[in-house]
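Understanding the architecture of this molecule
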Amino acid sequence: ATHAQEQVVVKSHTLPAYHLISRHLALMAHMTLRHGITIATCSILALCCGALTDLSPTLQQNAALPRSAFMAPQMLDRSKEMRSALEWALGTGYAAEADFVSRIQDKVKPTWNSLPKSSRGLVDGRSLRSIAHRYFMDSYMLSIEGLDPLQKGNSSLSVRLIEEHAPNYARRMLQGEHLRAGFSLEDVVAMVVLLEQLVSENVRETLTDVMYPRVLLPQDGLDRATMLHLLEENLLSMLLHDASAIYAMVQMNRSLVSNYIEDWDEIKHVASSHLAAFEHFTSHSPVEVDGPRMCGTKSWHPLASSFSFDDAVTVATSLTKSFGEYIQGDCSAVKAKLMDLDSEGTGRVKLSRFYQAALAGEWRFSESKDYLKELGALDESSSWRGPQVIIANYLQAANNCAVTMSHFSLCCRNECEDHMASLEASLGTPTAEPELLLELVAKLTMQEPEDMQRISALRGQLMNIAEAHHGKVPLHGRLFAQWLHYAFPLDCPFPHLKGTTSDISPLSFGLKSIATEVDMYSQMAVVDDHVVPNVTSSENVSIEDVFTLWHHEEELLSEHVHLEAPWEWHRRSPISVVLVLLVATVLTFGARYGFTGHRGKESFPAEVCQTFKSHLV
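Calculation criteria
- Residues numbered from 1 in each chain as written.
- Predicted model: local features only at pLDDT ≥ 70, side-chain atom pairs only at ≥ 80, totals over all residues.
- Heavy atoms only, no water.
- Helix = DSSP H or I, 4+ residues; strand = E, 2+ residues; numbered from the N terminus.
- Buried < 20%, exposed > 50% of the residue type's maximum accessible area, 1.4 Å probe, protein only.
- Contact = heavy atoms within 4.5 Å.
- Areas by Shrake-Rupley, 256 points an atom, 1.4 Å probe, with all protein chains shown as cover.
- Salt bridge = Lys/Arg side-chain N within 4 Å of Asp/Glu carboxyl O.
- Pairing = 2+ DSSP bridges.
- Arc of directions from axis to C-beta.
- 1 Å grid on protein atoms, 1.4 Å probe; cavity = no way out; pocket = protein on both sides within 12 Å on 5 of 7 lines; lining within 4 Å.
- Points joined across faces, edges and corners; volume = space filled by probe spheres on them.
- Nonpolar A, V, L, I, M, F, W, Y, C, P; charged D, E, K, R; others polar.
- Disulfide = S-S within 2.5 Å.
- Expected span 1.5 Å × (residues − 1).

What follows concerns the overall build of the protein chain. Counting its regular elements, the protein chain contains 29 helices and 12 strands. Going through the 617 residues of the protein chain one by one, you find that 50% of them count as buried. In the protein chain, the proportion of contacts linking residues at least 24 apart, taken out of those at least 6 apart, comes to 74%. A total accessible area of about 28600 Å² is found for the protein chain, and carbon and sulfur atoms account for 55% of it.

Turning next to the pattern of salt bridges. The final tally for this structure, using the stated rule, is 24 salt bridges. Residue Glu-344 pairs with Arg-385 through a salt bridge whose shortest N-O separation is 2.8 Å. Here the residue Glu-344 occupies a position in the loop between helix H17 (309-341) and strand S5 (348-350), and Arg-385 occupies one in the loop between strand S6 (378-379) and strand S7 (388-390), the gap between them amounting to 41 residues. Assigned by exposure class, Glu-344 and Arg-385 land together as buried. We note a salt bridge from Arg-364 to Glu-362, for which the minimum N-O separation is 3.3 Å. Here Arg-364 matches Glu-362 in class, with each residue buried.

Now for the sheet that holds strand S9 (residues 408-410). Ordered by their spatial adjacency, three strands build an open sheet running S3-S9-S8, and the pairing between neighbours is antiparallel. Only two strands of the sheet have a single partner each, and these edge strands are strand S3 (142-144) and strand S8 (403-404).

Okay, helix H24 (residues 459-468) next. Within H24, the full set of buried residues consists of Gln-461, Leu-462, Ile-465 and Ala-466. All buried residues of H24 lie within an arc of 140 degrees about the axis, which places them on one face of the element.

In this structure, the second largest pocket encloses a volume near 1400 Å³. Lining the second largest pocket are 40 residues, and of these Leu-239, Trp-363, Asn-399, Cys-401 and Ala-402 lie nearest its centre. Elements with a contribution of two residues or more to the lining of the second largest pocket: helix H13 (224-239), H17, helix H20 (391-396), S8 and helix H26 (506-509). Sorting elements by how many residues they give to the lining of the second largest pocket places H17 first, with six residues. Within the lining of the second largest pocket, the residues separate by chemical class into 26 nonpolar, eight polar and six charged.

Moving on, we get to the state of the cysteines. Per the counting criterion, the structure on display carries three disulfides. Paired by a disulfide, Cys-331 and Cys-412 hold their sulfur atoms 2.0 Å apart. What sets the handedness of the Cys-331 and Cys-412 disulfide is the S-S torsion sign, and at about -85 degrees it is left-handed. With Cys-331 in helix H17 and Cys-412 in the loop between S9 and helix H21 (416-427), this residue pair connects regions lying 81 residues apart in the sequence. Like Cys-331, the residue Cys-412 is buried in the burial classification. Across a sulfur-sulfur distance of 2.0 Å, Cys-401 and Cys-411 are joined as a disulfide pair. Handedness here is read from the sign of the S-S torsion; for Cys-401 and Cys-411, about 95 degrees, the answer is right-handed. One end of the pair, Cys-401, is in the loop between H20 and S8; the other, Cys-411, is in the loop between S9 and H21, and 10 residues separate them in sequence. On the basis of relative accessibility, which here comes to 15%, the residue Cys-401 falls in the buried class. With a relative accessible area of 7%, Cys-411 lands in the buried category.

Here we come to unusual backbone geometry. Phi angles above zero are rare outside glycine, and Met-141 is one such case at about 60 degrees. Relative to the assigned elements, Met-141 resides in the loop between helix H7 (125-140) and S3.

With 16 residues, H7 ought to run about 22 Å at 1.5 Å a step, and its terminal C-alpha atoms sit 22 Å apart, in line with that. For H7, the buried fraction is high: 14 of the 16 residues fall into the buried class. Remark: Met-141 follows H7 within two positions and exhibits a positive phi of approximately 60 degrees.

So yeah, pure geometry; function would need other evidence.
Given below as structure tokens:
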């Protein structure tokens, strides 16, 4: 097709549907005469393809984002709105270096490559949520409420931060037909960029509230002492968000802060260091920024007499996102203490020993038995061991989130993500042969004899998972996550069945989240009455001894899982195979001529739509 004809199609997405069809048919007729393409193929192409779209010049300058190979007509508005959301975060009032968006894309792409996709090469809403959740947890240890699909267990994208603060078009693209259509890699990157900006806007609101009692306005200049005070107040409001009465007390008497936050002096030093880093960075490279920030506003420089409110937002946002690194030290300390109590090396601590440590002064280990069970941190499957605290689940639970805000929390890092990310980068596919997985997982261990022995003992379970899925193991399913838990019991949480646990905070659970001394002594007495075998080290524990919690139920992250064995192809009707080949021809044609088509829900015959059926076990 000529360049002029391509431009006509590019601009035609604003016309009614019948104009689109007539123009595409005319274009197909021209191609038939010029390139000798069969009428049948052109007909399929005319039905499948919609108007071409392209990234706006603004986005092309900011970042080179890949486009979906095919988009349904109902996705046209969604794609436009997704780009509008990205422009809202980056282009309209905001500026971001291209490498910021590029870094996000580089970070999420390995996960994207390994996720199941629809026949259009798009992921579903649950996968979109999973990628975004893993990005923020891995980058900032930031858990945004409603983003983790494994916690909520539904396919809707209900994220309060988006619902309450994002533009209307950004909310619409995550609902109804838009949600069911699927999401491209470009959509995923835009989603992450949007959430990055919304976190910054949330910090802006908090700083505005902090400024109100001091009779300060956003347009007022801030000297260094005031700037530092705002940063400290922002941290206080984060750390005491769930304790409004205590926050009001420390507001009136700042000397009381250390009574409730034992390392407050160290936290103040963290805030001061961030401000000093901002001053140094801005004085040496005033243009470059790490992430979205306001443009058109004056920033601090060495000769300036004051900071702007936007400077405060920039530093406070950076401090919020990096605060997870500070609390990770506390998470590591808790893990080390739990490991000391795990004499058998199973990744579990008997509840009696857990409470014994609490009575000896370890105040962190004070959660009640009912609360631990609600969090999914309690294993009650062994009759002779009694209740056991699952170390990885305990660390990942809501009780260990140092900061709990209205829209997000700062929680302990999921160390299993390192193993999963390595597997995704090595495989790049949603499923894998069990033998290959065993080889890769063995390389991830410390190569200690007991590690290799544990992996070897788990071979049979991995083979069973593959057998249930026609010879391959889905990477993003509950069974493989369960297998990883036993392979890395200290790093990977046990994946409970949906609906059996929750991420409720101690405050929401109420006073019953804390065990009394009577409860602790009672639990210790019950365990003492049991006759427990003499097991003192991991060498005496077989894998079968800790397999009592294993469940055979599968739960897949995505609906777009194609696990059909090759020998099942003969069951298809001949017309179905012919249609698949026609679509393949269309895709090849589109790739040859650089087309980005749009495919409607009614465009494909039902047989083609069913070619790649969802397979949920």
